[in-house]
Amino acid sequence: MLLFTEERRKRAQAIRDNIPTDKGLLFSYKIDWSAVDDTLINTKIKPWVNKRIIELLGVPEEDVVLFVCQKVAAKASPAF
């Protein structure tokens, strides 16, 4: 079990390391939408967005979290 956890941690770190930090590159980054499902949104993305909103605003904002999760579920482009 430990090996599985360590391997998973390494894979997650490799994914994080490959995410561009430049705005132009980040917004043109190709997402593997086949990996994004309701389970991922509810168990990983929603709690992460909620945490970041609290960090930025100091209070939870469920409407903002719901808006972001709906955009992710709709596979929306980051360009407005």
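Residues numbered from 1 in each chain as written. Predicted model: local features only at pLDDT ≥ 70, side-chain atom pairs only at ≥ 80, totals over all residues. Heavy atoms only, no water.

(A) Spotlight on unusual backbone geometry. Within the chain, Lys75 stands out as a residue other than glycine whose phi angle is a positive 60°. In this fold, Lys75 is placed in the segment after helix H4 (62-73). (Helix = DSSP H or I, 4+ residues; strand = E, 2+ residues; numbered from the N terminus.)

(B) Up close: the pattern of salt bridges. Applying the stated criterion across every chain yields a total of three salt bridges. With a shortest N-O distance of 2.7 Å, Arg9 and Glu6 are connected by a salt bridge. Residue Arg9 and its partner Glu6 are located together in helix H1 (residues 2-17), separated by three residues, close to a single helical turn. Its relative accessible area of 30% is what places Glu6 among the partly exposed residues. Here Lys46 makes a salt bridge to Glu62, at a shortest N to O gap of 3.5 Å. Separated by 16 residues along the polypeptide, Lys46 in helix H3 (residues 38-57) and Glu62 in helix H4 bring together distant segments of the chain. Judged by its relative accessible area of 31%, Lys46 is partly exposed. Glu62 gets classed as partly exposed once you look at its relative accessible area, which sits at 44%. (Salt bridge = Lys/Arg side-chain N within 4 Å of Asp/Glu carboxyl O. Buried < 20%, exposed > 50% of the residue type's maximum accessible area, 1.4 Å probe, protein only.)

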